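Coordinate inspection notes
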Amino acid sequence: MSGSGKTTVTSGAMTISGTGSKTLSRTIDNSAAAAWTQGQIVVTNGTFNNLATGIFNASANDSFFASSGTNAFNNAGAFSKTSSSVTIFSTPFNNQAGGSVVVNDGTLVLSGGGVNSGSIEIAAGATARFGGNYTHTAGSTLVSHGSVDFNAATISLDGNVT
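The text that follows walks through the structure, step by step, so that each part is easy to find. Computed from a predicted structure; not experimentally measured. (Residues numbered from 1 in each chain as written. Predicted model: local features only at pLDDT ≥ 70, side-chain atom pairs only at ≥ 80, totals over all residues. Heavy atoms only, no water.)

1. Some remarks on the pattern of salt bridges
Let me state the cut-off plainly: We define a salt bridge as a side-chain nitrogen of Lys or Arg found within 4 Å of a carboxyl oxygen belonging to Asp or Glu. Segments assigned H or I by DSSP are reported as helices when at least four residues long, segments assigned E as strands when at least two residues long, and all are numbered from the N terminus. Throughout this description, buried means an accessible area under 20% of the type-specific maximum (1.4 Å probe, protein chains only), exposed means over 50%, and partly exposed covers the range between.
Overall, the coordinates contain 2 salt bridges when judged by the stated rule. Asp29 is paired through a salt bridge with Lys6; the nearest N and O atoms lie 3.3 Å apart. With Asp29 in strand E4 (residues 27–30) and Lys6 in strand E1 (residues 6–9), this residue pair connects regions lying 23 residues apart in the sequence. Residue Arg129 pairs with Asp149 through a salt bridge whose shortest N-O separation is 3.1 Å. With Arg129 in strand E18 (residues 127–136) and Asp149 in strand E20 (residues 147–157), this residue pair connects regions lying 20 residues apart in the sequence. Of the residues examined, Arg129 reaches a relative accessible area of 28% and is grouped as partly exposed. Given the relative accessible area of 24%, Asp149 is considered partly exposed.

Take a look at the structure:
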């Protein structure tokens with residue numbers, strides 16, 4: 001998706017699939033259900049906002065790739081990683097207050113930095129890998145029954161870590 005303006009998804013389901021690369025060069029506000037199953041998402045001056053009522057399920061063995069410009073994935077709703085694959089976000093990944101991230105299976109790589117002000121939980125056998133400059137703010141939670149890797153220039157752990 002490209003062009004000026006914003007795309008708002010308020011009902012139904014959005015599926016991001018197909019082996020080819022997709023381009024995100026605008027803002028998407030999602031308050032419905034979204035599933036990313038396949039294909040790289042190349043982000044150039046783009047932002048994906050998973051709003052408080054939004055559900056985003058990532059099972060793709062691919063990347064949400066920061067190409068150029070100002071980019072972000074912002075989660076205020078429910079985000080889940082649900083396949084044994086490796087899913088990479090090289091854009092800043094911001095889990096906002098009230099947002100929930102659950103890594104059920106596989107590996108979620110957040111290499112573009114970001115901020116966790118909500119909750120992140122890693123299930124047994126799953127992995128979360130933090131890179132870039134990543135901050136877990138006061139009041140946030142990071143709970144791991146699996147593996148957590150910190151491969152970052154700066155990691156700030158001001159929240160609850162268990």
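2. Considerations on the nonpolar core
Rules: Grouping buried Ala, Val, Leu, Ile, Met, Phe, Trp, Tyr and Cys residues that are joined through side-chain atoms within 4.5 Å yields what is termed a nonpolar core. Should any heavy atoms of two residues lie within 4.5 Å, those residues are considered in contact.
Grouped together as the largest cluster of nonpolar side chains are 30 residues, with contacts concentrated most on Trp36, Phe48, Phe64, Phe79 and Phe89. Mapped by element, the contributors of at least two residues to this core are strand E2 (13–16), strand E5 (33–36), strand E6 (41–44), strand E8 (55–58), strand E14 (100–103), strand E15 (107–110), strand E17 (119–122) and E18. Ignoring sequence-local partners within four residues, the contact set of Phe48 consists of Met14, Leu24, Ile28, Asn30, Ala34, Phe56, Phe64, Ala72, Phe73 and Asn74.

3. Here's the deal with the sheet that holds E14
Rules: Only when DSSP finds a minimum of two bridges between them are two strands counted as paired.
Strand order in the open sheet formed by 8 strands is E2-E5-E8-E11-E14-E17-E19-E21, with parallel pairing between adjacent strands. In the strand order of this sheet, the two ends are held by E2 and strand E21 (160–161), each with one partner.

4. Looking at the side chain of Thr91
Position of Thr91 relative to the elements: it lies in the loop between strand E12 (86–89) and strand E13 (93–95). Take Thr91: its relative accessible area is 0%, and that puts it in the buried class. Beyond its immediate sequence surroundings of up to four residues, Thr91 is in contact with Val43, Phe64, Phe65, Ala66, Asn71, Ala72, Phe73, Gly112 and Gly113.

5. A closer look at the environment of Val9
Its place among the elements puts Val9 in strand E1. Separated by 24 residues in sequence, Val9 and Ala33 have C-alpha atoms that sit 8.6 Å apart. Other than its neighbours up to four places away in sequence, Val9 contacts Met14, Asp29, Asn30, Ser31 and Ala32.

6. Let's talk about the packing of aromatic side chains
Formally: Each Phe, Tyr or Trp ring (for Trp, its six-membered ring) is paired with any other whose centre lies within 6.5 Å, and the angle between the two planes then decides the class: stacked below 30 degrees, edge-to-face above 60, tilted in between.
Here the structure, examined in full by the defined rule, presents 16 aromatic pairs. Judged by centre distance (5.2 Å) and plane angle (75°), the rings of Phe48 and Phe56 are edge-to-face. Their ring planes at 5° and their centres at 5.5 Å tell us that Phe56 and Phe79 sit as a pair that is stacked. Of the two residues, Phe56 is situated in strand E8 and Phe79 in strand E11 (residues 78–81); the sequence distance between them amounts to 23 residues. You'll find Phe56 and Phe79 in the same group, each marked buried. Taken together, Trp36, Phe48, Phe56, Phe64, Phe73, Phe79, Phe89 and Phe93 form an aromatic cluster joined through their ring pairs.

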